[in-house]
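# Inside the fold
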Amino acid sequence: MDAEAAKMLGAGFAAIGAGLASIGVGNVFAKFLEGALRNPGAADAQQGRLFIGFAGAELLGLLSFVIAALLIFA
Amino acid sequence: MATEAKLDPMHQFQLEKLAGADWNIAGYNIAFTNSALWMAIATIALIVFVAGGMKRAVVPGRWQMAVETFTGFIDGMLAANVGKNGKKYVPYIFSLFMFILFANFLGLMPLGVVGVHAFTFTSHFSATGVLAILSFAIVLIVGFSKHGLHFFSLFVPHGTPVAMIPIIFVVELISFLVRPFSLGLRLFVAMMAGHVLLEVLSSFVISGGNNGPVMFVIAGVPSFVLMIGICALELLVAGIQAYVFALLTCVYLNDAENLH
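Bear in mind the structure is a predicted one, so any value in this text is a computation, not a measurement.

Broken down by element type, chain A carries 3 helices and 0 strands. Along chain A, helices (α) and strands (β) appear in the sequence α-α-α when read from the amino end. By principal-axis analysis of the C-alpha atoms, chain A measures approximately 60 × 15 × 10 Å. By the burial criterion, 12% of the 74 residues in chain A qualify as buried.

Written out as structure tokens, the structure is:
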């Protein structure tokens, strides 16, 4: 296979990671809402932890974007 | 058939030397770039914003209320994450949060309509990396000056079995050292990905319009509608990324202040 074509394929495969990260981010917020609706009194205090979880899940998806961008542009 | 629109989504991140292309220090060029210009604009906007709210009126006006909401928000964040000792970091976290927030929002402003091309300097790792190193350096300085070598107990959580200590120490050390990279990388990639996405979508609108009325209706219009939604999402991301940066700095400061 042509090296250039292989790079483009690799970048496309890296995009799968972004999709999986979206599942992760969705999970973070879904579980938070689930818990928050059961116990609304405790929800506000946990918002910081919600965003830490969100940041962690999002970072891993962004890494796949970095890999895709490196393959295409570098 | 109209000519194919040339798509170069990375062009918007190009640094341009506005002044001093020949200013060199020790072999490095220190020209005043468009990145530096927008940093200056963000700083000035931030100073104007805060100065407008420092009236200390007993019954605050709208502007003072806006500034006090932000300071109160940062104050609450530090109180929740660091505790009583966190009070002294309010100026740093506030500056950090507002600077990133203003930078992200200024980069998203539709100033291209009036011919000014906004530059998002938070989409460059050199800018976000320095901010991350600043946060990390403060964590190290506070940690070592407050706890001395006892700071290393951060890497051995309470109740670790003795046999596990060497492994846990290495794992915790790596996770500690990776923090500045993840902090800077997250902000830079989120901003860059968003701006590339907006550019690609807008090129769909334009090349759809160039290829006749049918393509305009089936490709241009849906892309435009999607783009409005993505713009709203980007505004949300700009806020969340600034918040996450400040929040994670608070969490790291908590480690340095209180160990664990």
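Moving on to the overall build of chain B. Of regular secondary structure, chain B possesses 7 helices and 4 strands. In chain B, the succession of helices and strands from N to C terminus is β-β-β-β-α-α-α-α-α-α-α. Judged by the C-alpha coordinates and their principal axes, chain B covers about 75 × 55 × 45 Å. Counting across all 260 residues of chain B, residues that qualify as buried make up 27%.

Quick look at the interface of chain A and chain B now. How big an interface is tends to be stated in terms of accessible area lost as the parts join. Listed per partner, the contact involves 10 residues of chain A and 13 residues of chain B. Among the residues making up the side of chain A that touches chain B, the classes are represented as 8 nonpolar, 1 polar and 1 charged.

Our next topic: the packing of helix H2 (residues 62-81) of chain B against helix H7 (residues 212-258) of chain B. Residues and elements named next belong to chain B. It is at 9 Å that the axes of H2 and H7 come closest, and there the two elements cross at 35°. Pair H2 / H7 crosses with right-handed handedness. Together, Met77, Leu78 and Asn81 of H2 and Ala246, Leu247, Cys250, Val251 and Asn254 of H7 make up the contact between the two elements. In the contact of H2 with H7, the residues fall into 6 nonpolar, 2 polar and no charged.

A separate point is the UniProt feature "transmembrane region" (unreviewed entry) in chain A. Residue and element names in this part refer to chain A. UniProt's entry tags residues 12-30 and 50-73 with the feature "transmembrane region" (unreviewed entry), counted in the numbering of this structure. Here residues 12-30 is 100% helix and 0% strand, with 28 Å between the C-alpha atoms at its ends. Across residues 50-73, the secondary structure splits into 100% helix and 0% strand, with the terminal C-alpha atoms separated by 34 Å.

Residues and elements named next belong to chain B. Axis separation between helix H1 (residues 34-52) and helix H3 (residues 90-108) bottoms out at 9 Å; the angle between their running directions is 120°. Put simply, H1 runs oblique to H3. You can see that H1 and H3 cross each other, and the crossing is right-handed. In this structure, H1 contributes Trp38, Ile41, Ala42, Ala45 and Leu46 to the contact, and H3 contributes Met98, Phe99, Phe102, Ala103 and Leu106. Of the residues that constitute the contact of H1 with H3, the class distribution is 10 nonpolar, no polar and no charged.

Residues and elements named next belong to chain B. In this structure, valine 82 sits in the loop between H2 and H3. Remark: the alpha-carbon pair of valine 82 and tyrosine 92, spanning 10 residues in sequence, is separated by 14 Å. Once you skip the residues sitting within four places of it in the chain, valine 82 turns out to touch Tyr89, Cys250, Leu253, Asn254 and Glu257.

On to the confidence of the model for chain A, then. Summarising the model, chain A shows a mean pLDDT of 87, and 100% of its residues fall at 70 or more. Ranking the elements of chain A by mean pLDDT puts helix H3 (residues 47-73) of chain A last, at 85, and helix H1 (residues 3-38) of chain A first, at 91.

Okay, the UniProt feature "domain: V-ATPase proteolipid subunit C-like" (unreviewed entry) in chain A next. According to UniProt, the feature "domain: V-ATPase proteolipid subunit C-like" (unreviewed entry) maps to residues 9-71 of chain A in the numbering used here. Regarding residues 9-71 of chain A, the helix share stands at 94% and the strand share at 0%, and the terminal C-alpha atoms are separated by 9 Å.

A separate point is the nonpolar core. Counting residues in each nonpolar core, the largest one holds 47 residues, and the members touching the most others are Ile93, Phe97, Ile100, Ala242, Phe245, Ala246 and Cys250 of chain B. At the level of elements, H3 of chain A together with H1, H2, H3, helix H4 (125-147), helix H6 (179-210) and H7 of chain B are the ones that each hand at least two residues to this core. At 12 residues, H7 of chain B tops the list of elements feeding residues into this core. Apart from the residues lying within four places of it in its own chain, the contact partners of alanine 242 of chain B are Phe97, Ile100, Leu101 and Asn104 of chain B.

Definitions and cut-offs
Residues numbered from 1 in each chain as written. Chains lettered and ligands numbered in written order. Predicted model: local features only at pLDDT ≥ 70, side-chain atom pairs only at ≥ 80, totals over all residues. Helix = DSSP H or I, 4+ residues; strand = E, 2+ residues; numbered from the N terminus. Buried ≥ 20, exposed ≤ 12 C-beta atoms within 10 Å, placed from the backbone. Contact = placed C-beta atoms within 7 Å. Nonpolar A, V, L, I, M, F, W, Y, C, P; charged D, E, K, R; others polar. Axes fitted to C-alpha atoms, helices over the stretch in contact; angles between N-to-C directions. Left-handed = near helix turned anticlockwise from the far one by under 90°. UniProt positions renumbered as here; feature names shortened; annotations may be inferred. Parallel < 35°, antiparallel > 145°, perpendicular 65-115°, else oblique. pLDDT = per-residue confidence, 0-100. Core = buried A, V, L, I, M, F, W, Y, C linked by C-beta atoms within 7 Å.

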